[in-house]
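Below, each chain spelled out in residue letters.
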Amino acid sequence: MQTRVSRLTLLAFLGPAVAALLAVGIVPLLYAAWKSLHDFNLTRLAQQRFVGLDNYAAVLTDASFWAALGRTALLFGIAVPVQVALGLLIALTLHRPGLSAFKALTRLSLVLPMATTYAVVGLLAQVMLNQKYGVVNQMLGWIGIDAINFIGDPTNAFVAVVLWDIWQWTPFVALILLAGLSTVPPEIEEAARLETKSDRAILRHVQLPYLVPSLVAILILRTADTLKLFDMPFTMTRGGPGSATEFIAILIERTGNRQFDIGLAAAQSILMLALTILLARLYIRVFYREV
Amino acid sequence: MAATDMAPGRSRWGEGLLLAAIALFCVFPFYWMVTTSLKTQVVALADPPVWWFTPTLANYAEVLFEDRVGVALVNSLIVAVFTTALAVALGCPAAYALARFEFRGKRDLWFWFITNRFVSPVVLAFPVFLISREVGLRDTHLALILMYLTFCLPIVIWICTDQFRSVPRELDEAALLEGASQWRIFRSIALPLAMPGVAVSAILSFIFAWNELLFAYILAPNRAKTAPAMAVTFMEGYDVPFGKIMATSTLIVIPVLIFALLASRHLVRGLTMGAVK
């Protein structure tokens, strides 16, 4: 049973954290919502005026907004299945008994990519994927593939972002799936292994049901993080060439920071926030039902 | 364990090879980052890239003392340390309340805390940019510290709530009978027992604050510029100094990698907000 306490005690414990999060998390949002109803460009501050929902109409009819959303969805649609497939392979390999010292080391190395400063990951891409001086092209040369202009060509730049996203987040997916695999009760797995020698049958009929929560977690967290994705593509390509790697967060940054159109950027932000909250609700409904 | 079907010989070699490939896949970019940081610009721009060369620390000396990366690292350190301290100070009591007390609206509060994991910094960046100009916080450490609370505070609250739930309640019930206040129980009984969780949440909070780019890039262009924002500015210009960029990157990444390895078992938990134990 949980303790009931006086209002004052409750306030003392929770008040500071709630007040802080209100101030830094909610107040700016309200301010953004207000500014999104204004024609507000930093280059002509004097001409601020209330325009109602005009900014929203502008965003929703703006082809580059939908293109950025579509691009973000495409990145998700390509990268996440690959991450799950590779991640599952890694998780199953690590889950098998034997070679435990070696496996502990491999697990440790899996932690590195996801902890790495996202901005640095993008810079690394600049260096490693360079057409002339990049080591990736050198390696492709070893297997007879001509050097690829990863950063300078629109399609290749998008592919490069996908590849880099796969590098950074496959280990994360693998570790989530590994945690899922460890929820299979050992006696069930052992009993199944007495019945069949096929790893595939065991995966399908024994392990997969236990992996469902992990897969849902991956789906939703990767969705949220793909929507947030800014640092890596920004340091890698600045959204270019053209708008080939302009994902939704980069589009908003460009609108506000490079076109100074704060009103429009605010409207884009609020729309993205609505999408985000929708997803967060979904997530909470699935995972935190018991709280 | 199901070790019965371990085929000896070939499959074991295959598995070892696969493990090595996985580890190499994860670690190779770091190897390349560090070796590139030890190359002169001439060596770094060799076509094709060279693997063996005479290493030099010139890039480090140059970025640290001439390009103000040293100052940026200190800025990053100040921001990350104070963010973490503030997040722990505010988050621990809140986590204790969520774990122990019964009150109305708890569920909604919990929802709200979790939602912060999903909010993109870009949504907050411009309104905060405008507000920070109004209140005189533009280009200060404090502006960054406050904004980093939006993601560090929820992490601390989540991880610590989990930890406080695992502290046996018998202890506080005994203390209550002795007449101790809730605050006293929190400070003297629950908090010391929850220290492992607090430490993990502090490490995660430090990593996330240290890694942040967007707020730093928009809110702190000069005096309070952090190291990731500094690294980005190297990309502006025609002659991209590979060695210097990688030296800066190495300096940025080393502390987070050390912390990540220290908290390796908890990093995924932090990133998934407890969805994965």
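Residues numbered from 1 in each chain as written. Chains lettered and ligands numbered in written order. Predicted model: local features only at pLDDT ≥ 70, side-chain atom pairs only at ≥ 80, totals over all residues.

**Quick notes on the overall build of chain B**
Scanning chain B for helices and strands turns up 14 helices and one strand. Sequence separation of 24 or more characterises 79% of the internal contacts of chain B that already satisfy a separation of 6 or more. (Helix = DSSP H or I, 4+ residues; strand = E, 2+ residues; numbered from the N terminus. Contact = placed C-beta atoms within 7 Å.)

**Some details on the overall build of chain A**
Of the regular secondary structure elements, chain A holds twelve helices and three strands. If one aligns the C-alpha atoms of chain A with their principal axes, the spans along those axes are about 75 × 70 × 30 Å. The buried share of chain A, taken over its 291 residues, is 45%. Across chain A, contacts joining residues at least 24 apart in sequence account for 67% of those joining residues at least 6 apart. (Buried ≥ 20, exposed ≤ 12 C-beta atoms within 10 Å, placed from the backbone.)

**Points about the nonpolar core**
Residue and element names in this part refer to chain B. Core analysis: the biggest nonpolar cluster contains 175 residues, and L144 and M147 have the highest contact counts within it. If one sorts the elements of this core by residue count, helix α7 (residues 141-165) sits on top with 17 residues. Setting aside residues no more than four positions away along its own chain, L144 makes contact with V79, F215, A216, L219, A220 and A224. (Core = buried A, V, L, I, M, F, W, Y, C linked by C-beta atoms within 7 Å.)

**Overview of unusual backbone geometry**
Its identity as a non-glycine residue notwithstanding, R238 of chain A has a phi of 60°, on the positive side. Tracing the backbone through its elements, the reader meets R238 of chain A in the loop between α10 (231-237) and α11 (248-258). Even without a glycine there, the phi angle at D139 of chain B is positive, about 60°. With respect to the element layout, D139 of chain B can be found in the loop between α6 (121-134) and α7.

**Some thoughts on the interface of chain B and chain A**
The interface of chain B with chain A comprises 87 residues on the first partner and 88 residues on the second. Here the side of chain B that touches chain A takes 13 residues from helix α1 (residues 10-37) of chain B, the largest share from any one element. For strand β1 (residues 3-4) of chain A and strand β1 (residues 101-102) of chain B, the ladder comprises two bridges, and the chain directions are parallel. Within β1 of chain B, the residue paired with R4 of chain A across the bridge is E102 of chain B. (Pairing = 2+ DSSP bridges.)

**Some remarks on the packing of helix α3 (residues 63-95) of chain A against helix α9 (residues 199-228) of chain A**
All names here are of chain A. Orientation of α3 relative to α9, taken along the N-to-C sense of each, is 140°, at an axis distance of 10 Å. Judged by the angle between their axes, α3 and α9 are oblique. For α3 against α9, the interelement crossing comes out right-handed. Every residue of α9 that contacts α3 at T72, L75, F76, V80 and V84 is listed here: I218, R222, T223, T226 and L227. (Axes fitted to C-alpha atoms, helices over the stretch in contact; angles between N-to-C directions. Parallel < 35°, antiparallel > 145°, perpendicular 65-115°, else oblique. Left-handed = near helix turned anticlockwise from the far one by under 90°.)

**So, helix α5 (residues 118-128) of chain A**
Most of α5 of chain A sits inside the fold, with eleven of its eleven residues counted as buried. Listed as buried for α5 of chain A are Y118, A119, V120, V121, G122, L123, L124, A125, Q126, V127 and M128 of chain A.

**Re the environment of G152 of chain A**
All names here are of chain A. By the secondary structure assignment, G152 is in the loop between α6 (135-142) and α7 (154-181). In this structure, the C-alpha to C-alpha distance between G152 and G242, residues 90 residues apart in sequence, is 9.7 Å. Setting aside residues no more than four positions away along its own chain, G152 makes contact with Q131 and P241.

**Notes on the confidence of the model for chain A**
Overall, the predicted model of chain A reaches an average pLDDT of 88, with 97% of residues at or above 70. Taking the mean pLDDT of every element in chain A, the minimum, 74, falls on β1 of chain A and the maximum, 94, on α3 of chain A. (pLDDT = per-residue confidence, 0-100.)

**Description of the environment of G134 of chain A**
All names here are of chain A. With respect to the helices and strands, G134 occurs in the loop between α5 and α6. On the basis of neighbour count, G134 is assigned to the buried category, with 24 C-beta atoms found within 10 Å. The spacing of G134 and N41 is 93 residues in sequence and 41 Å in space, taken between C-alpha atoms. Those residues in contact with G134 that sit more than four places away from it in its chain are V127, M128 and L129.

**Observations regarding the environment of T116 of chain A**
One can find T116 of chain A in the loop between α4 (100-115) and α5. For the pair T116 of chain A and R258 of chain A, spaced 142 residues apart in the sequence, the C-alpha separation amounts to 27 Å. Not counting residues up to four positions away in its chain, the partners in contact with T116 of chain A are V121 of chain A together with V253 and V256 of chain B.

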